[in-house]
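Chains, contacts and geometry: an overview
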Amino acid sequence: MPKTETYTLSMGPQHPSTHGVLQVLLDLDGENILRATPVMGYLHRGIEKLLESRTYIQGVPYTDRLDYVSSMNNNLGYCRAVEELAQIEVPERAEYIRVIVAELNRIASHMVFIGSLANDLGAVTGMIYAFRDREKILDLFDLVCGARMTFHYIRVGGVSADLPPEFAAKCDEFLKIVPDFMQEYEDVLTGNEILQHRLKGTSVMTKEQALSHNMTGPNIRAVGIPFDIRKVDGYGAYPKFDFDVPVGENGDNWDRYRVRYLEIFESAKIIRQALDGLPKGDVMAKFPKVLRPPKGEVFSRTEGTRGELGFYIVSDGSTKPYRVHIRRPSFINLQGLDDMCRGMLIGDSVAAFSAIDPLMGEVDC
């Protein structure tokens, strides 16, 4: 038997398939991966400490910069934590609007996932299609708050402004074409035998492995566990809507792709129900302009686009948080990269990383 020598290969941090700011150290035997070690910190900005040096209200724009392709969901997570700490009751209309924009942002984020996965595997057309359709959602956000990337729309106590009169019709137009462009993804990507070969049966994880790494979101649902905080905790207006939680069967990269693909349909279903049942009323709660939550602590979690997004805030009774810690799902989910890569080939590590769908701004915080 020939004797082989193991070696270490560095992928990133300047590598297109690691999205620019992640380094993965691959221990290899030939092209077979023995171990994959993610090295993070290339995008660290100290957002938790910045939140501790700003007032509770001033902290909202910083959450836009965490998972910056799902800014609405980050605004929502932070604002819910502050509202729980300060015992602020959000008006019902604002809760419905929050659901609408959060689910629109979930669809937009999953489009980034589909496009990035296709691009990383060599199907550039898939990214063009996905980003073309994502623009329609960004146009809706532009209409609502004048921004396309970092919104600062969901505020402590509600939302910054009511939906404009033309929003409902334009959102309805978008919902009507969702089945059409999803069928295009089905034709171009899902039915592509090369994509299937790269994803089916690769980076298989068991339920026990996924749970041991505390993975959440589409990554935990892909192994067959229907854990969705929108269902488990039933926060905001979510208990009023009927939607399913897609799960996978094999825990491979294909299931991670399919779960997110199917979640787009479920988010569209939620938005349709919220639009049809949108109540009248205020969009912002009444509370003191200078917010001083009572002394105490809170941990509030929401279902972000990439999993459980949690904000732990400690109040000392002043206008600024004493301590803030953010549970970032992208950071936690990357713990599974090693198990997903072992026994695979170098090229499979690209598929594994993309299938986890980490957002590096959220990983490094």
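Structure: above.
Residues numbered from 1 in each chain as written. Predicted model: local features only at pLDDT ≥ 70, side-chain atom pairs only at ≥ 80, totals over all residues. Heavy atoms only, no water.

1. A closer look at the sheet that holds strand β1 (residues 7-11)
Note the following rule: Should DSSP find at least two bridges between two strands, the strands are taken to pair. Counting from the N terminus, the helices are DSSP H or I runs at least four residues long and the strands are E runs at least two residues long. Here the axes come from fitting lines to C-alpha atoms, over the contacting stretch only for helices, and the angles between their N-to-C directions go from 0 to 180 degrees.
Taken in spatial order, the three strands line up as β1-β2-β3 in an open sheet, and their pairing is antiparallel. Two strands close off the open sheet at either side, each with one partner strand: β1 and β3 (32-39). Across the sheet, the axes of successive neighbouring strands diverge by a mean angle of 25°, strand direction being ignored.

2. Considerations on the packing of aromatic side chains
How two aromatic rings sit relative to each other is set out by the distance from centre to centre and by the angle between their planes. Filter applied, for reference: Centres within 6.5 Å make a pair out of two Phe, Tyr or Trp rings, where for Trp the six-membered ring is used; the pair is then stacked when the planes are under 30 degrees apart, edge-to-face when over 60, and tilted otherwise. Burial classes follow relative accessibility: with a 1.4 Å probe on protein chains only, a residue under 20% of its type's maximum area counts as buried, one over 50% as exposed, and anything between as partly exposed.
A full pass over the atoms with the stated rule returns ten aromatic pairs. Measuring from centroid to centroid gives 5.7 Å for F181 and Y185, while their planes differ by 45°, and the two rings are tilted. One end of the pair, F181, and the other, Y185, are both in helix α6 (residues 167-190), four residues apart, so they sit about a helical turn from each other. The same class applies to F181 as to Y185, namely buried.

3. Overview of helix α14 (residues 346-356)
The buried fraction of α14 is high, at ten of eleven residues. Within α14, burial applies to I346, D348, S349, V350, A351, A352, F353, S354, A355 and I356. Where α14 terminates, the next one or two residues include D357, which has phi positive at roughly 60°.

4. Regarding the packing of helix α11 (residues 253-276) against α14
Test applied: For classification, angles of less than 35 degrees are called roughly parallel, those exceeding 145 degrees roughly antiparallel, those between 65 and 115 degrees roughly perpendicular, and all remaining angles oblique. Left-handed describes a crossing whose near helix is turned anticlockwise from the far helix through less than a right angle; right-handed describes the clockwise counterpart. Contacts were defined at the residue level, with two residues in contact if any of their heavy atoms lie within 4.5 Å. Amino acids are sorted into nonpolar (Ala, Val, Leu, Ile, Met, Phe, Trp, Tyr, Cys and Pro), charged (Asp, Glu, Lys and Arg) and polar (every other residue, Gly among them).
One way to put it is that α11 packs onto α14 with a least axis distance of 9 Å and a crossing angle of 30°. One element, α11, and the other, α14, form an angle in the roughly parallel class. Handedness of the α11/α14 crossing: left-handed. Across from N253, R256 and R260 in α11, the residues of α14 making contact are A351, A352, A355 and I356. Across the contact of α11 with α14, the residue classes break down as four nonpolar, one polar and two charged.

5. A short note on the sheet that holds strand β8 (residues 321-327)
Strand pairing in a sheet takes place through backbone hydrogen bonds and is either antiparallel or parallel in direction. If you trace the three strands from one edge of the open sheet to the other, you get β6-β7-β8, paired in antiparallel fashion. Bordering the open sheet on either side are β6 (296-304) and β8, each of which pairs with just one other strand. Taking the axes of each pair of neighbouring strands and ignoring which way they run, one obtains an average angle of 15° across the sheet. The strands touched by helix α3 (residues 71-86) within the sheet are β6 and β7 (307-315), with β6 carrying the most contacts at an inclination of about 150°.

6. What to know about empty space enclosed by the protein
For clarity, the threshold we go by: Cavities and pockets were defined on a 1 Å grid built from protein atoms only: a cavity is a group of points that admits a 1.4 Å probe but offers it no way out, a pocket is an open group of points flanked by protein on both sides within 12 Å along at least five of seven lines, and a lining residue is one with an atom within 4 Å of any such point. Grid points are joined across faces, edges and corners, and a volume is the space filled by probe spheres set on the points.
Counted by the stated rule, this structure contains five cavities of 30 Å³ or more. In this model, the largest cavity occupies a volume close to 60 Å³. Lining the largest cavity we find M11, S17, T18, V24, L26, L337, C341, S349, V350 and F353. Looking at the lining of the largest cavity, the elements that each hand over two or more residues are β2 (23-29), α13 (337-341) and α14. At three residues, the largest contribution of residues to the lining of the largest cavity is made by α14. Counted by class, the lining of the largest cavity contains seven nonpolar, three polar and no charged residues.

7. Notes on the packing of helix α4 (residues 92-120) against α14
At a minimum axis separation of 9 Å, α4 and α14 run at an interaxial angle of 175°. In this view, α4 runs roughly antiparallel relative to α14, as classed from their interaxial angle. Between α4, through F113, L117 and D120, and α14, the contact on the second element is made entirely by V350, A351, S354 and A355. Looking at the contact of α4 with α14, its residues break down into five nonpolar, one polar and one charged.

8. A closer look at the state of the cysteines
As a reminder, the rule being used: The term disulfide is used for any two cysteine sulfur atoms that are within 2.5 Å.
Applying the stated criterion across every chain yields a total of zero disulfides. Between C145, a cysteine without a disulfide, and C79, which holds the nearest cysteine sulfur, the sulfur-to-sulfur distance is 13 Å.

9. Overview of the environment of R221
Along the chain, the position of R221 falls in helix α9 (residues 218-221). Relative accessible area serves as the criterion here: at 1%, R221 is assigned to the buried category. Each C-alpha atom of the pair R221 and C171 lies 28 Å from the other, and the pair is 50 residues apart in sequence. Excluding residues that lie within four positions of it along the chain, R221 makes contacts with F227, D228, V245, P246, V247, G248, V259, E263 and E303.

10. Describing unusual backbone geometry
Residues other than glycine seldom take positive phi values, yet S203 does so here, at roughly 55°. Taking the relative accessible area as the measure of exposure, S203 reaches 1% and is therefore buried. Positive phi values are uncommon outside glycine, yet D357 reaches one of about 60°. Mapped onto the fold, D357 is located in the loop between α14 and α15 (360-364).

11. Notes on the environment of M360
On the secondary structure map, M360 appears in helix α15. Here M360 falls in the buried class, since its relative accessible area comes to 3%. Spatially, the C-alpha atoms of M360 and R328 are 10 Å apart, while their sequence positions differ by 32 residues.

12. A short note on the environment of S160
Looking at where S160 falls in the secondary structure, it is placed in the loop between β5 (158-159) and α6. Of the residues examined, S160 reaches a relative accessible area of 34% and is grouped as partly exposed. As a C-alpha pair, S160 and V144 span 16 residues in sequence and 9.6 Å in three-dimensional space.

From the geometry alone we can't say anything about function, so treat these as descriptive.
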